[in-house]
Amino acid sequence: MFIKLFKSFYFKPMVLLMALAMLTMSFTMPNGTVLLKAGTVIPMELISTITSKNARSGQMVDFRVMSDVKVDGKTVIAAGSIAQGQIVRAKKSGLLGSEGELEISVKTIEAVDGTIVYLSSNNVSDEGSNKVALSIVLTFCCLFGFLIKGGQAEIPAGTQVQGMVASNTEINV
């Protein structure tokens, strides 16, 4: 029976297909999946300084992860990974001494396997100096007080934020 199979017309193409299938198979064994739980804290810092003078609502900003995030001793988010945040409120300082306002929220980060992890956090915010009272007093004195602008809001690079994982997420490690 083996001799008949060996001399068969279909034997060589079948061996060739089997060899090709073996060469293209992945020989890596999965290490497993871990669960990154909702509420896991991820320490981050703002990469660049953001000011209300040039910021726009909806603009994306970057945060850097400060230390590895591990689950069961396995790194799921590496230190130095870039997280995405979004400016949710931006107001330039205005005439009559009104202050600038700025608020940023952390949104997402990419895990080591490429999975997008959604985050929630306390928003980072700042308000510039309010000079409305000074502006009103000077307007009564010399009529040009309305030209005084309030201070710009600024969130400096290196500002630390504690992002939290919004929902349970499976990560392949």
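Residues numbered from 1 in each chain as written. Predicted model: local features only at pLDDT ≥ 70, side-chain atom pairs only at ≥ 80, totals over all residues. Heavy atoms only, no water.

## Points about the overall build of the chain
Line of reasoning, step 1. Within the chain, the regular secondary structure consists of 3 helices and 13 strands.
Line of reasoning, step 2. Just so you have it, the chain exposes about 11,000 Å², and 62% of that area is on carbon and sulfur atoms. (Helix = DSSP H or I, 4+ residues; strand = E, 2+ residues; numbered from the N terminus. Areas by Shrake-Rupley, 256 points an atom, 1.4 Å probe, with all protein chains shown as cover.)

## Comments concerning the pattern of salt bridges
Line of reasoning, step 1. For the structure shown, the criterion picks out 3 salt bridges.
Line of reasoning, step 2. When the shortest N-O distance is used, the salt bridge between Arg64 and Glu45 registers 3.5 Å. You can see Arg64 sitting in strand E4 (residues 60-65) and its partner Glu45 sitting in strand E2 (residues 41-46), a full 19 residues away along the chain.
Line of reasoning, step 3. Its relative accessible area of 33% is what places Arg64 among the partly exposed residues.
Line of reasoning, step 4. Residues Glu101 and Arg89 are paired through a salt bridge, measuring 2.7 Å at the closest nitrogen-oxygen approach. Separated by 12 residues along the polypeptide, Glu101 in strand E8 (residues 101-110) and Arg89 in strand E7 (residues 82-91) bring together distant segments of the chain.
Line of reasoning, step 5. Its relative accessible area of 15% is what places Glu101 among the buried residues.
Line of reasoning, step 6. You can call Arg89 partly exposed: its relative accessible area is 27%.
Line of reasoning, step 7. One salt-bridge network, in which partners are shared between bridges, spans Arg89, Glu101 and Glu103. (Salt bridge = Lys/Arg side-chain N within 4 Å of Asp/Glu carboxyl O. Buried < 20%, exposed > 50% of the residue type's maximum accessible area, 1.4 Å probe, protein only.)

## Structural notes on the nonpolar core
Line of reasoning, step 1. Counting residues in each nonpolar core, the largest one holds 28 residues, and the members touching the most others are Leu36, Phe63 and Ile77.
Line of reasoning, step 2. The biggest single contributor to this core is E8, with 4 residues. (Core = buried A, V, L, I, M, F, W, Y, C linked by side-chain atoms within 4.5 Å.)

## Observations concerning the pairing of E4
Line of reasoning, step 1. In E4, alternate side chains face the same way, and those of Val61, Phe63 and Val65 are buried while those of Met60, Asp62 and Arg64 on the opposite face are not.
Line of reasoning, step 2. Judged from the 3 bridges that link them, E2 and E4 form a sheet pairing that is antiparallel. Residue Leu46 lies in a different strand from E4, and its bridge partner there is Phe63.
Line of reasoning, step 3. Bridging between E4 and E7 involves 5 bridges; their strand directions are antiparallel. From the neighbouring strand, Val61 faces E7, where its bridge partner is Gly85. (Pairing = 2+ DSSP bridges.)

## Points about the pairing of E2
Line of reasoning, step 1. Across 5 bridges, the pairing between E2 and strand E12 (residues 160-165) is antiparallel. The residue bridging Met44 from the neighbouring strand is Val161, located in E12.

## A closer look at the confidence of the model for the chain
Line of reasoning, step 1. With 64% of its residues at a pLDDT of at least 70, the chain reaches an overall mean of 76.
Line of reasoning, step 2. Within the chain, the lowest mean pLDDT, 48, falls on helix H3 (residues 132-142), and the highest, 94, falls on E4.
Line of reasoning, step 3. A low-confidence stretch, residues 128-139 (pLDDT under 50), is modelled with 31 contacts involving residues beyond four sequence positions or located in other chains. (pLDDT = per-residue confidence, 0-100. Contact = heavy atoms within 4.5 Å.)

## Section: the environment of Ile47
Line of reasoning, step 1. Mapped onto the fold, Ile47 is located in the loop between E2 and strand E3 (50-51).
Line of reasoning, step 2. As a C-alpha pair, Ile47 and Asp62 span 15 residues in sequence and 6.0 Å in three-dimensional space.
Line of reasoning, step 3. Sequence-distant contacts of Ile47, that is, excluding residues within four places in its chain, are made with Asp62, Phe63, Arg64, Ile82 and Ala157.

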